[in-house]
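Spelled out, the chains give:
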Amino acid sequence: MIYNYSDRVKNLKGNAIREIFALLKDPELISFAGGFPTLQTLPNKEIKEITDCLMNSEEALHILQYGSTEGYTPLRNTVASFVKRYGIENVTEDNVLIVSGGQQTIDLTNKCFVNKGDTVLCEAPTYLAFLHILKTYEGNAVGVKSEEDGISISDLEEKIVKCQPKLLYLVPTFSNPTGKTLSEKKRKAIAELTAKYNVMVLEDDPYSELRFSGERVKSLKSFDKAGNVIFTASFSKTIAPGLRCGYCIADKEVIRKLTIGKQATDVHTSSLSQAIINEYLKKGLFEPHVESIKKVYKEKKDAMAEAIKKYMPCDKIKFTDPEGGLFIWGEFSDNIDTDEIFKDVCLKTKVAYVAGSTFFPGENVKNTFRLNYSNATLQQIDEGIKKLGDYFKNLLGAK
Ligand SMILES: Cc1ncc(COP(=O)(O)O)c(C=O)c1O
């Protein structure tokens, strides 16, 4: 059989991180490569109790029946008030679409706004799956310079004028992959600038709830006066990713289009997952649970930052020190190709990272890497960073 794939997917490569997982079968290997929540933090007992209650309730059969594409009405209403915590006001049910994870909002937004050959701007580096999704819609990703406090506003304006993008995609808080947070001042400037040039913005926020130090920053959406910002978040990193439940907030008209896009994709998000999440929020379980997982992540992040100071050649590698989220980003001052050495590192140290090049749109940036701290134990963090540090010192000493 000759498989005549569409042009759209013919040249797509698998997600680099998923490919790395295949390499990570060795049980001795310490992986800083993934981005999963810590397994032991997932609230299985509470979810079991809620599910039992739901299945014994009068609603049980309706929950198991097909539902509406927009989402389970009680959850849409709960979310409409929930997002006040992000400074997003005046939201009604009509501004809410429940999605099967934030990833689906990225897909639907590209589906609804991007034609073949259209430019979409993003931070360089950015979330890998966004680049992958954009490729499937045959769009063209252009990177905006990244600074300590998020993207450069002057570079953004220059690229808007030059490339006339349809969309700007951002992970403004505890970005994946860098852990950086966009300042409130820049959020306001971006909302104004994109409104001025008629550019849609997708604000992807899976991580802001995982803040373990510093002050909460208002969402970019809270500065949106023109209706050009789509805000998306999910309960993957705060409750459980396996439930595949998130939401997006946007202008009514945009929600309608995204809903039509979703109809063709998966009809609706699992009603059982939606009802579970709704009960979880309504019972007041969210806040205490998030407080408890933040303690776990802070402890792990502190352990990794400490180990980095102790074992890494910090005069030759610059690391971010995030106030939340799941990732630390490393950048060599020397011209080290983190892709090229990856297999050797895995083999010799039995420690894995993700090479930074995978997160860059187009450009060939080779001297960076991402470390995740949520999936290793404190002991593995110390041990793994020591091994990596020794390898890097050796490598740099030999240069
Ligand atoms: C930046 C970013 N956006 C979106 C997602 C997708 O999350 P989900 O679809 O589980 O909500 C992730 C997951 O790691 C992410 O890091």
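It should be noted that the structure appears before, not after, this text.
Bear in mind the structure is a predicted one, so any value in this text is a computation, not a measurement.

Draft legend 1. Structural context of the sheet that holds strand β2 (residues 96–99). Strand order in the open sheet formed by eight strands is β2-β9-β8-β7-β6-β3-β4-β5, with mixed pairing between adjacent strands. In this open sheet, the two strands that pair with only one neighbour each are β2 and β5 (150–151). Two strands pair when backbone bridges link them, and strand β6 (residues 167–170) and strand β7 (residues 200–204) are joined in this way by four bridges, in the parallel orientation. Counted as the bridge partner of leucine 167 is methionine 200 from β7. Sheet contacts for helix α8 (residues 153–163): β3 (119–124), β4 (140–147), β5 and β6; angle to β4, the most-contacted strand, approximately 160°. Strand contacts of helix α10 (residues 252–266): β2, β7, β8 (229–234) and β9 (246–249), with the helix running at about 25° to β2, the strand carrying the most contacts.

Draft legend 2. The packing of helix α6 (residues 102–113) against helix α7 (residues 128–136), seen in detail. Where α6 meets α7, the axes come as close as 10 Å, and the angle between the chain directions of the two elements is 30°. Taken together, α6 and α7 sit at an angle that is classed as roughly parallel. The crossing of α6 and α7 is right-handed. From α6, Gln103, Ile106, Asp107 and Asn110 reach across to α7, where they touch Ala129, Phe130, Ile133 and Leu134. Looking at side-chain class alone, the contact of α6 with α7 contains five nonpolar, two polar and one charged residues.

The rules behind the values
- Residues numbered from 1 in each chain as written.
- Predicted model: local features only at pLDDT ≥ 70, side-chain atom pairs only at ≥ 80, totals over all residues.
- Heavy atoms only, no water.
- Pairing = 2+ DSSP bridges.
- Helix = DSSP H or I, 4+ residues; strand = E, 2+ residues; numbered from the N terminus.
- Contact = heavy atoms within 4.5 Å.
- Axes fitted to C-alpha atoms, helices over the stretch in contact; angles between N-to-C directions.
- Parallel < 35°, antiparallel > 145°, perpendicular 65-115°, else oblique.
- Left-handed = near helix turned anticlockwise from the far one by under 90°.
- Nonpolar A, V, L, I, M, F, W, Y, C, P; charged D, E, K, R; others polar.

Read these as layout, nothing more, since geometry by itself doesn't imply function.
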